[in-house]
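Architecture and fold: a report
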Amino acid sequence: MNSDSGTDNTQNALSLILSEIKSQGGEIIDMTASNPTILDFDYSEFYLPELLSSEDNLIYSPEAKGSMKARLAIENYYNSRKNYFKFRSPSDLILAAGTSECYSYIMKALSDVNDEVLLPAPGYPLSEHLVLFERLSPVYYRLKYDGNDFKIDFDSLEKNITTKTKFIFIISPNNPTGYTLRQSEFIRLNKICEKNGINIIIDEVFFDYIIENNYEPFLPENPVNYSIFILNGLSKITATPQLKLSWMYIIPQKGNEENIIRKIEFIADAYLSVSTPVQNAAQYLLNKRSYLQSQLISRIKNNLALLENEGFDFYKVKAGWYACIKLKQNIQDEIFCSGLLENAHVLAHPGYFYEFTDEEVIVISLIQKEEVFREGIGKIRNYSDNISSDSLLY
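First, a word on what this report is: a plain description of the structure on this page. Counting restarts for each chain, with residues numbered from 1 along the sequence as it is written. Totals for whole chains, interfaces and linings use every residue, but because this is a predicted model, local features are given only for residues with pLDDT of at least 70 and side-chain atom pairs only at 80 or more, for both listing and counting. By convention in this description, side-chain values take in all heavy atoms of the structure and omit both hydrogens and water.

Things to note about the overall build of the protein
Per the convention used, a helix needs a DSSP run of H or I reaching at least four residues, while a strand needs a run of E reaching at least two, with both numbered from the N terminus. Scanning the protein for helices and strands turns up 13 helices and 13 strands. To get the radius of gyration, use the C-alpha atoms; to get the globule rule, take the number of residues to the power 0.38 and multiply by 2.2 Å. Against the compact-globule benchmark of 21 Å for 394 residues, the protein has a radius of gyration of 21 Å, which places it among compact chains. Projected onto its principal axes, the C-alpha positions of the protein cover 60 × 55 × 45 Å. For each residue, the accessible area found with a 1.4 Å probe, counting protein chains only, is set against the maximum for its type, and the residue is called buried under 20%, exposed over 50%, and partly exposed in between. In the protein, buried positions account for 55% of the 394 residues. A contact between two residues is defined here by any heavy atoms of the two lying within 4.5 Å. A separation of at least 24 residues holds for 77% of the contacts in the protein among residues at least 6 apart in sequence.

As structure tokens, then:
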């Protein structure tokens, strides 16, 4: 593939240090660990082997949008939670094996090579690659911290809109900041997108981990001159990333409803990537979601308390699985994380991975095992207290 396709896999300094430690048999404390299946959560009530071995799974009945059985299960999920939109029909759902695939389907259907996509910064690093894979151009808009929460910097968003802008990505809750979209922000976004014909993709995979969910519906049911796509999946909802079931809920442009959905359905029909067993299991898994979510939320709260007790300065966590710790003045995040890994064998992510620019931060996971988390933040505290800031200046 061409070098501009997002496939540059050159190792960064942190990866090189990590490889060196592992090659020498060294152990690390991974403060970025976010795979719940290997972090000692109790899955015993899920009965996955029995569930996935059902004879029903021997029958293959492919549907481009995904099985109606699975889509009805997702409808039940949306009807059981507080929403910022009104769920209309399972006919407006299209299933995929992951949200990355959902992004791909949408961009394939509704953009051309070299069109532009507006991405949030800070935000999830994978988003840029997904855009580049489709031969589109990523452009960033800022999320600004006001001392209490992150908000969209509309000046940076609007100045980056061109005739080539086809999408605005909203990660809500944001990874890693926990930012969530507000009704007041959407009122302004609606006007911008209606004027410019820019589609909105809302990635809400961490929605069930909003600490205080007071949402009432505010998205339009029939957006004018643009469409809205809402992405989610079992990876975070039921903490089962290995099962590979995600979906998009489509709120299509008024007057163009059938064409929008048909374009994406056509692409989905070419892939048919979602397995029969997980579609058959969807209702059972979604019914059980509180069993895993309660464990995750409890651990997040306990680890947050440990972080606060250590006196770290970090952005207020309002949603998601991550904490963003502010570093001392003039300490560069990449150099800090490299030194932390090399000297203390603790892995944390530098903020620049996520396009932090206003402050130097490190990003850590809040779902790491509590005893490991306690040891890790203790080592981060000791390293931070003992380093010479003069050696870590820009």
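A look at the environment of S54
Here S54 shows up in the loop between α2 (48-52) and α3 (68-79). For S54, a relative accessible area of 29% corresponds to the partly exposed category. Expressed as a C-alpha distance, the spacing of S54 and P277, which sit 223 residues apart in the sequence, is 8.0 Å. Identification of polar contacts relies on pairs of N or O atoms within 3.5 Å, with a donor-acceptor requirement for protein atoms, meaning one able to donate a hydrogen and the other able to accept it, and with residues adjacent in sequence counted only if both atoms are side-chain atoms. In terms of polar contacts, S54 uses its side chain to reach the backbone amide nitrogen of D56, at 3.1 Å.

Observations concerning the packing of aromatic side chains
Remark: the centre distance and the inter-plane angle together describe each pair of aromatic rings, the angle taken between the planes. We call Phe, Tyr and Trp rings a pair once their centres come within 6.5 Å, taking the six-membered ring for Trp, and we label the pair stacked below 30 degrees between planes, edge-to-face above 60, and tilted otherwise. Taken as a whole, this structure holds 28 aromatic pairs when the rule is applied. Their ring planes at 15° and their centres at 5.8 Å tell us that F207 and Y215 sit as a pair that is stacked. For F207, a relative accessible area of 3% gives the class buried. Between the aromatic rings of Y352 and F353, the centroid separation amounts to 5.0 Å while the plane-to-plane angle is 75°, which identifies the pairing as edge-to-face. Taken together, Y77, Y78, Y84, F85, F87, F186, F207, Y215, F218, W247 and Y249 form an aromatic cluster joined through their ring pairs. Each ring is checked for a lysine NZ or an arginine CZ that lies within 6 Å of its centre and within 35 degrees of its normal; such an atom marks a charge sitting over the ring. Over the face of the ring belonging to F207 we find R81, whose NZ or CZ atom lies 3.6 Å from the ring centre. Just above the ring of F41 sits the side chain of R299; from NZ or CZ to the centre is 3.8 Å.

Considering the environment of E334
With respect to the helices and strands, E334 occurs in helix α12 (residues 333-344). By relative accessible area, which is 30% here, E334 ends up partly exposed. Between the C-alpha atoms of E334 and D313, which are 21 residues apart in sequence, the distance is 18 Å. Those residues in contact with E334 that lie beyond four places of it in its chain are A13, P350 and Y352. Within the structure, the side chain of E334 is placed 3.5 Å from the side chain of Y352, a separation counted as a polar contact.

Focus on the pattern of salt bridges
Here, a salt bridge means any side-chain nitrogen of Lys or Arg that lies within 4 Å of a carboxyl oxygen of Asp or Glu. With the rule as written, the count across this model stands at 16 salt bridges. Between E221 and K86 there is a salt bridge, with the nearest N and O atoms lying 3.9 Å from each other. Within this pair, whereas E221 is found in the loop between β7 (199-203) and β8 (228-233), its partner K86 is found in the loop between α3 and β2 (93-96), the two being separated by 135 residues in sequence. In this structure, R88 engages D92 in a salt bridge whose closest nitrogen and oxygen atoms are separated by 3.5 Å. With relative accessibility at 30%, the residue R88 sits in the partly exposed group. Because the salt bridges share partners, they merge into one network encompassing D149, R182, E185 and K318.

Side note on the packing of helix α11 (residues 289-309) against helix α13 (residues 370-386)
Packing of α11 against α13 leaves a shortest axis separation of 10 Å and a crossing angle of 20°. In terms of axis orientation, α11 runs roughly parallel to α13. Regarding α11 and α13, the two cross each other, and that crossing is right-handed. Touching R299, N302, N303, L306 and L307 of α11 are E370, F373, R374 and I377, all from α13. Residues belonging to the contact of α11 with α13 are distributed by class as follows: four nonpolar, two polar and three charged. Only the contacting stretch of a helix is used when fitting its axis, a line to C-alpha atoms as for every element, and angles between N-to-C directions run 0 to 180 degrees. Just so you know how the angles are binned, under 35 degrees is roughly parallel, over 145 roughly antiparallel, 65 to 115 roughly perpendicular, and the rest oblique. Note on convention: near helix rotated counterclockwise from far helix by under a right angle means a left-handed crossing. Clockwise means right-handed. In the scheme used here, Gly and all other residues not listed as nonpolar or charged are polar, with Ala, Val, Leu, Ile, Met, Phe, Trp, Tyr, Cys and Pro taken as nonpolar and Asp, Glu, Lys and Arg as charged.

A short note on unusual backbone geometry
At the junction of A121 and P122, the peptide bond is cis and its omega measures out at 5° in the coordinates. With respect to the helices and strands, P122 occurs in the loop between β3 (116-121) and α5 (126-133). Note the cis peptide between S172 and P173, where omega equals 5°. At D40, a position not held by glycine, the phi torsion is positive, near 65°. Structurally, D40 can be placed in the loop between β1 (29-30) and α2. With phi around 55°, H345 is a residue other than glycine that occupies positive phi space. Along the polypeptide, H345 turns up in the loop between α12 and β11 (346-347). Judged by its relative accessible area of 27%, H345 is partly exposed.

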